[in-house]
Amino acid sequence: MVLNYIWIAFFLVAFVIALAKLIFTGDLEVFPAMMDATFAQSKTAFEISLGLTGVLSLWLGVMKIGEKGGVVNVLARWLSPVFTRLFPDVPKGHPVTGSIFMNLSANMLGLDNAATPMGLKAMEQLQELNTKKDTATNAMIMFLVLNTSGLTLIPVSILVYRAQMGAAQPTDVFIPILLATFFSTLAGIIITSFYQRINLLNRTMLLTLGGMCAVVAAVIWGFSRLDSVVMNQVSVSAANILLMAIIVAFILAGVRKRVNVYDAFIEGAKEGFQTAVRIIPYLVAILVGIGVFRASGAMDWLIDGIRWLVAALGFDTDFVAALPTALMKPLSGSGARGMMVDAMTTYGADSFVGRLSCVFQGATDTTFYILAVYFGSVGIRYTRHAVTCGLLADLAGIIAGIFIAAMFFG
């Protein structure tokens, strides 16, 4: 229901602003630009779905091997103490906990192509437990917020963009991004737990969250001791080695269980193709709405309004120029990436605005895209508090990013 109102708002706000431009400034290009955006974004949505078909088929095939080989069940048993508290409605030891773990691990390593199929598989398994098939469950919402908060340990793509834009030290944003995304994820867990009345003040959760803090601190310490070239090599190599190790481990587990791994892979791959087709309408809807909103100039007006408000309150407006990346990120990953590159091009890769844009890009994930794809894949229409929790986690990441960037680069 919330996505419905947001989608309507995209078009209504865009139309009103475009009409005002036409009447008061005589801008004859705004409506053609909006129509061009609808066609371009429709094409983009289909191309994204088409591109996902192969990746979904591959990873859902691999996941099917792992499921029949017993790997997913083993992961489920290991994670039960934590997951039974974060996902109290999921039966203890259910295979979905293994799928969720695989998805979150892929996200942490920046392996988007692997994370999406695993996430869709987890959502499908959660839907099997859902008694109201058109309404999101608490477990679905918690899982979505963990995804949209964007916890990433190795933001490889951002570091590569900084190197291409001529940054003197491309990796100087690594620690700020890690800190900002950690606060975003932590806020997402706390906010969603508050909505769902989940008690986090118990020994298991305190040890888990404390352990996460320790891991983040260890990663920060380890990578801070490497120079930029070695750091990029280590991060890329570690991610790819781990990914291949997972594939081989799943195959070996299937062989050990005497599973026909080839047939299992084909069975899972068929599901990947079907899933890719199912999400096309949802992608078209959300991307067209975003495209029209941007083409109308509504995003520019929003940024100018924020700049005026911040100045009126007597605060420093230096960070406002980087906000387009932060505001675009929940809507479109590619759009936010374009905003980040534009900020580095306009202000310089080593400027405060350029660096802050990179921190914003890495602090959170594409909330509306994830909601549209994941919920759309299983036919969820009523999202309940998913959008609210996801956006509040994004807001926490943005606020943390501003203060952390000011501390490191201000």
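Please refer to the structure placed before this passage.
Because the structure is a prediction, the values reported are computed rather than measured.

K.L.:
Kindly report on the overall build of the protein chain, identifying the contributing residues and their values.
P.N.:
Helix and strand counts for the protein chain stand at 18 helices and 0 strands. For a compact globule of 410 residues, the expected C-alpha radius of gyration is about 22 Å, and the protein chain comes in at 22 Å, within 12% of that figure. The C-alpha extent of the protein chain, read off along each of the three principal axes, is 70 × 45 × 40 Å. When burial is assessed residue by residue, the protein chain has 53% of its 410 residues classed as buried. Put simply, of all contacts in the protein chain between residues at least 6 apart along the chain, 78% involve residues at least 24 apart. For the protein chain, the exposed area adds up to about 18,500 Å²; of that, 67% sits on carbon and sulfur atoms. The average position of the 26 basic charges and that of the 23 acidic charges among the side chains of the protein chain differ by 13 Å.

K.L.:
Can you lay out the side chain of N147 for me, pointing to particular residues and giving the numbers?
P.N.:
By secondary structure assignment, the location of N147 is in helix 6 (residues 138–148). One polar contact links N147 to N103, side chain to side chain, over a distance of 3.0 Å. Those residues in contact with N147 that sit more than four places away from it in its chain are N103, L104, N107, D365, I370 and Y374.

K.L.:
So what's going on with the packing of helix 17 (residues 367–377) against helix 18 (residues 386–409)? Residues and values would help.
P.N.:
Axis separation between helix 17 and helix 18 bottoms out at 10 Å; the angle between their running directions is 150°. The two elements helix 17 and helix 18 cross, and the hand of that crossing is right-handed. When helix 17 is examined against helix 18, the residues T367, F368, L371 and F375 are found in contact with a partner set consisting of A386, V387, G390, L391 and D394. Looking at the contact of helix 17 with helix 18, its residues break down into 6 nonpolar, 2 polar and 1 charged.

K.L.:
Got a sec to walk through the environment of N103? Specific residues and values, please.
P.N.:
Within the secondary structure, N103 is located in helix 4 (residues 96–108). N103 sits 201 residues away from D304 along the chain, and the two C-alpha atoms are 38 Å apart. Sequence-distant contacts of N103, defined by excluding residues within four places in its chain, comprise A115, M118, G119, F143, N147 and Y374.

K.L.:
Can you lay out helix 12 (residues 280–295) for me, pointing to particular residues and giving the numbers?
P.N.:
Each full turn of the α-helix corresponds to 3.6 residues, which orients residues three or four apart in the same direction. For helix 12, which comprises 16 residues, the first-to-last C-alpha distance of 22 Å matches the rise-based estimate of 22 Å (1.5 Å per residue) to within 8%. Restricting attention to buried positions, one finds in helix 12 the residues L283, I286, L287, V288, G289, I290, G291, V292 and F293.

K.L.:
Give a detailed account of the packing of helix 6 against helix 8 (residues 174–196), specifying residues and quantitative values.
P.N.:
Between helix 6 and helix 8, whose axes approach to 9 Å, the crossing angle comes to 165°. Relative to helix 8, the element helix 6 lies roughly antiparallel. The two elements helix 6 and helix 8 meet at a crossing, and its hand is right-handed. Contacts between helix 6 and helix 8 involve N138, I141, M142, V145 and L146 from the first element and T185, G188, I189, T192, S193 and Q196 from the second. By residue class, the composition of the contact of helix 6 with helix 8 is 5 nonpolar, 6 polar and no charged.

K.L.:
I'd like to hear about the nonpolar core, residue by residue, with values.
P.N.:
Judged by nonpolar contacts, the single largest core of 58 residues is most densely connected at F87, F143 and F375. Sequence-distant contacts of F143, that is, excluding residues within four places in its chain, are made with F87, I100, N103, G119, A122, M123, L126 and Y374. Within the second largest apolar cluster, 30 residues are counted, among which are V320, A322, L356 and A400.

K.L.:
Account for unusual backbone geometry, with residues named and values stated.
P.N.:
For R197, which is not glycine, the phi dihedral falls at a positive 55°. Mapped onto the elements, R197 comes out in the loop between helix 8 and helix 9 (203–224). Classification of R197 by relative accessible area gives exposed; the value is 81%. If you check the backbone angles, R384 has positive phi at about 55° while not being a glycine. One can find R384 in the loop between helix 17 and helix 18. You can call R384 partly exposed: its relative accessible area is 39%.

K.L.:
Describe in detail the environment of D365, supporting the description with residues and values.
P.N.:
Tracing the sequence through the fold places D365 in the loop between helix 16 (352–363) and helix 17. The class for D365 is buried, based on a relative accessible area of 18%. For the pair D365 and T152, spaced 213 residues apart in the sequence, the C-alpha separation amounts to 9.6 Å. A polar side-chain atom of D365 sits 3.3 Å from a polar atom in the side chain of T366.

K.L.:
Quick one: what's the story with a nonpolar patch on the surface, residue by residue and with numbers?
P.N.:
Taken together, the side chains of F15, V16, L19, L22, I23, F24 and L28 make up a nonpolar region of the molecular surface, amounting to roughly 740 Å² of accessible area. Assignment of secondary structure puts F15 in helix 1 (residues 2–25). On the accessibility criterion, F15 (44% relative accessible area) is partly exposed.

K.L.:
I'd love a proper account of helix 16, names of residues and values included.
P.N.:
The end-to-end C-alpha separation of helix 16 is 16 Å, in line with the 16 Å expected for 12 residues at 1.5 Å each. With 11 of its 12 residues buried, helix 16 lies for the most part within the structure.

K.L.:
Quick rundown of the pattern of salt bridges? Include the residues and the values.
P.N.:
Under the definition given, this model contains 5 salt bridges. Its salt-bridge partner being E267, residue K68 comes within 2.7 Å of it at the nearest N-O pair. In this pair, K68 sits in helix 2 (residues 30–69) while E267 sits in helix 11 (residues 261–278), placing the two residues 199 residues apart along the sequence. The partner of D350 in a salt bridge is R355, with the nearest N and O atoms 3.9 Å apart. The exposure class of R355 is buried, given its relative accessible area of 17%. Overlapping salt bridges bring together K64, K68 and E267 as one network.

Scoring rules and cut-offs
Residues numbered from 1 in each chain as written. Predicted model: local features only at pLDDT ≥ 70, side-chain atom pairs only at ≥ 80, totals over all residues. Heavy atoms only, no water. Helix = DSSP H or I, 4+ residues; strand = E, 2+ residues; numbered from the N terminus. Rg over C-alpha atoms; globule rule 2.2 N^0.38 Å. Buried < 20%, exposed > 50% of the residue type's maximum accessible area, 1.4 Å probe, protein only. Contact = heavy atoms within 4.5 Å. Areas by Shrake-Rupley, 256 points an atom, 1.4 Å probe, with all protein chains shown as cover. Lys, Arg positive; Asp, Glu negative; His and termini not counted. Charge placed at Lys NZ, Arg CZ, Asp CG, Glu CD. Polar contact = N/O pair within 3.5 Å; in protein donor to acceptor, adjacent residues only side chain to side chain. Axes fitted to C-alpha atoms, helices over the stretch in contact; angles between N-to-C directions. Left-handed = near helix turned anticlockwise from the far one by under 90°. Nonpolar A, V, L, I, M, F, W, Y, C, P; charged D, E, K, R; others polar. Expected span 1.5 Å × (residues − 1). Parallel < 35°, antiparallel > 145°, perpendicular 65-115°, else oblique. Core = buried A, V, L, I, M, F, W, Y, C linked by side-chain atoms within 4.5 Å. Patch = residues over 30% accessible without salt bridge, like charges linked within 9 Å, V, L, I, M, F, W, Y side chains within 5 Å. Salt bridge = Lys/Arg side-chain N within 4 Å of Asp/Glu carboxyl O.

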